[in-house]
Amino acid sequence: MGRSRRTIPEELLLLALDPTTGTTAQPQSLDLGLAGAQLVELALAGRIAPDGDRIAVVMARPTGDPTLDSALELLRRRGSPVRAVHWIGGPRLGLRQTYLTHLERCGMVHAVAGQMCGVLPTTRYQATETAISREIRARLDNAIRTGVPPDPRTAALAALAHAVGLGKHLYPGNEGRSSRSRLRDLIRHDPMGGLVAHAVMDVQNGAAAQPRRPQAAGAGAVRQPTARAAEPAGAPGQARHGHGRMARVGAR
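Just so it is clear, the model here is predicted, and its values are computed rather than measured.

Visitor: Tell me about helix α5 (residues 95–105), and please be specific about residues and values.
Guide: Taken together, the buried positions of α5 are Leu95, Arg96, Gln97, Tyr99, Leu100, His102 and Leu103. Immediately beyond the C-terminal end of α5, within one or two residues, lies Gly107, with a positive phi of roughly 85°.

Here it is as structure tokens:
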């Protein structure tokens, strides 16, 4: 994969970064979204493919992206297709920080050291390439405004943004309600993005441990969004509408 193109995990993280405060919106669910975004990126690269509600490796050749290749290798070691909800709900320690560090190394964000309560060291991240963030946002806005089916990458990004609860960050208040609804509806334009987005929401709703009911003949298509999916719940222990701080706390 050429590095001239940003990956979906990178774009999702840039969408979540608050340009003023340097914090990330929905930090706990964002971790799940980044794990899901890796699956979508690997699928677009032809390395994995959906198998019902499971993910199967179809080509083990590395992509050239170290973080994606680490995920691909973990999937390969499973030896058999893994349920998307189990993969996304598994431990992903440091994944968000890994991508923040990567974006800093690429010059798209810069770290700002600070202190919490005047004592605990923290690090926040400010976007430096604001034109890139504006371009990502413009793609979503255009898809929402025009109703024209977006390209698979934009559709998957929209699905993940909805799944992790970024809708109220991107389109706040009552005036943003219709945009949030249309953001949710974009989920249907990319089967892999839809499968992963629903898996992210299932993990947040505690459905990862529940056995999957057998699918009817011809199943394998992604579930279409329902009214209940309009405002995804936050991750356990997280306020639904709050903006979390993206900080490394030295004493934690």
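Visitor: Describe the sheet that holds strand β1 (residues 48–51), and please don't skip the residues or the numbers.
Guide: Read across the sheet, three strands follow the order β1-β2-β3 without closing on themselves; strand pairing throughout is antiparallel. The open sheet has two free edges, formed respectively by β1 and β3 (82–83), since each of these has just one partner strand. With four bridges connecting them, β1 and strand β2 (residues 54–57) associate as antiparallel partners. Each residue of the ladder has a partner; that of Pro50, found in β2, is Ile55. Lying over the sheet, helix α3 (residues 66–78) contacts β1, β2 and β3, oriented at roughly 95° with respect to β2.

Visitor: Can you break down the pattern of salt bridges residue by residue, with the values?
Guide: By the definition in use, this model includes 11 salt bridges. For Glu135, the salt bridge goes to Arg6, with nearest N and O atoms at 2.5 Å. Of this pair, Glu135 sits in helix α6 (residues 130–146) while Arg6 sits in the segment before α1 (8–16), and the two are 129 residues apart along the sequence. Ionic pairing is found between Arg76 and Glu73, a salt bridge with its closest N-O pair at 2.6 Å. Taken as a pair, Arg76 and Glu73 lie in helix α3 at a separation of three residues, close to a single helical turn. Assessed through its relative accessible area of 42%, Arg76 is described here as partly exposed. Judged by relative accessible area, Glu73 falls into the partly exposed class, the value being 27%. When salt bridges that share partners are traced, they join Arg6, Glu11, Glu135 and Arg139 into one network.

Visitor: Let's hear about the packing of α1 against helix α7 (residues 152–163): which residues, and what values?
Guide: Orientation of α1 relative to α7, taken along the N-to-C sense of each, is 50°, at an axis distance of 10 Å. Between α1 and α7, the interaxial angle falls into the category oblique. Between α1 and α7 the crossing geometry is right-handed. When α1 is examined against α7, the residues Ile8, Glu11, Leu12 and Leu15 are found in contact with a partner set consisting of Arg153, Ala156, Leu157, Leu160 and Ala161. Grouping the constituent residues of the contact of α1 with α7 by class yields seven nonpolar, no polar and two charged.

Visitor: An account of the nonpolar core is requested, with residue identities and associated values reported.
Guide: Residues Leu12, Leu39, Ile88, Leu166 and Val196 are the most contacted members of the largest nonpolar core, which totals 61 residues. The set of elements that each furnish at least two residues to this core consists of α1, α2 (27–44), α3, α4 (84–89), α5, α6, α7 and α10 (191–204). What Leu166 contacts, discounting residues up to four positions off in sequence, is Leu12, Leu15, Ala16, Ala25, Gln26 and Ala161.

Visitor: Any chance you could break down the packing of α7 against α10 for me, citing the residues and the numbers?
Guide: With their axes 8 Å apart at the nearest point, α7 and α10 run at an angle of 10° to one another. Between α7 and α10, the interaxial angle falls into the category roughly parallel. Here α7 contributes Ala156, Ala159, Leu160, His162 and Ala163 to the contact with α10, which in turn contributes Gly193, Val196, Ala197, Val200, Met201 and Gln204.

Visitor: How would you summarise unusual backbone geometry if you had to cite specific residues and measurements?
Guide: Unusually for a residue other than glycine, Gln26 sits at a positive phi of about 50°. Inspection of the secondary structure puts Gln26 in the loop between α1 and α2. For Gln26, a relative accessible area of 4% puts it in the buried group.

Visitor: Can you explain the environment of Arg145? Please cite residues and give values.
Guide: Note that Arg145 resides in helix α6. For the pair formed by Arg145 and Leu183, sequence separation is 38 residues and the distance between their alpha carbons is 9.9 Å. Within the local environment of Arg145, its side chain forms a polar contact with the side chain of Asn142, the two groups lying 3.1 Å apart.

The rules behind the values
The numbers attached to residues start from 1 for each chain and follow its sequence in the written order. For this predicted model, a pLDDT threshold of at least 70 governs which residues receive local features, and a threshold of 80 or more governs which side-chain atom pairs are given and counted, while totals over whole chains, interfaces and linings are taken from all residues. Processing note: side-chain calculations cover all non-hydrogen atoms of the structure and skip hydrogens and water entirely. When a residue's accessible area, from a 1.4 Å probe over protein chains only, is under 20% of the maximum for its type it is buried; when over 50% it is exposed; and in between it is partly exposed. We count a stretch as a helix when DSSP gives it H or I for four or more residues in a row; a strand needs E for two or more, and each element gets its number in order from the N terminus. Here, strands pair whenever DSSP counts at least two bridges between them. Note on contacts: a residue pair is in contact if any heavy atoms of the two residues lie within 4.5 Å. In this analysis, axes come from line fits to C-alpha atoms, helices being fitted only over the stretch in contact, and the angle between any two N-to-C directions falls in the range 0 to 180 degrees. Counted as salt bridges are all cases of a side-chain nitrogen of Lys or Arg within 4 Å of a carboxyl oxygen of Asp or Glu. Here roughly perpendicular refers to angles of 65 to 115 degrees, roughly parallel to angles under 35, roughly antiparallel to angles over 145, and oblique to all remaining angles. For any helix crossing, the convention is left-handed if the near helix is rotated counterclockwise from the far helix by under a right angle, and right-handed if that rotation is clockwise. Throughout, the ten residues Ala, Val, Leu, Ile, Met, Phe, Trp, Tyr, Cys and Pro are labelled nonpolar, Asp, Glu, Lys and Arg are labelled charged, and all others, Gly among them, are labelled polar. Put simply, buried Ala, Val, Leu, Ile, Met, Phe, Trp, Tyr and Cys residues joined by side-chain atoms within 4.5 Å make one nonpolar core. As used in this structure description, the phrase polar contact means that two N or O atoms lie within 3.5 Å; if the pair is within protein, one of them must be able to donate a hydrogen and the other to accept it, and residues adjacent in sequence are counted only when both atoms belong to side chains.

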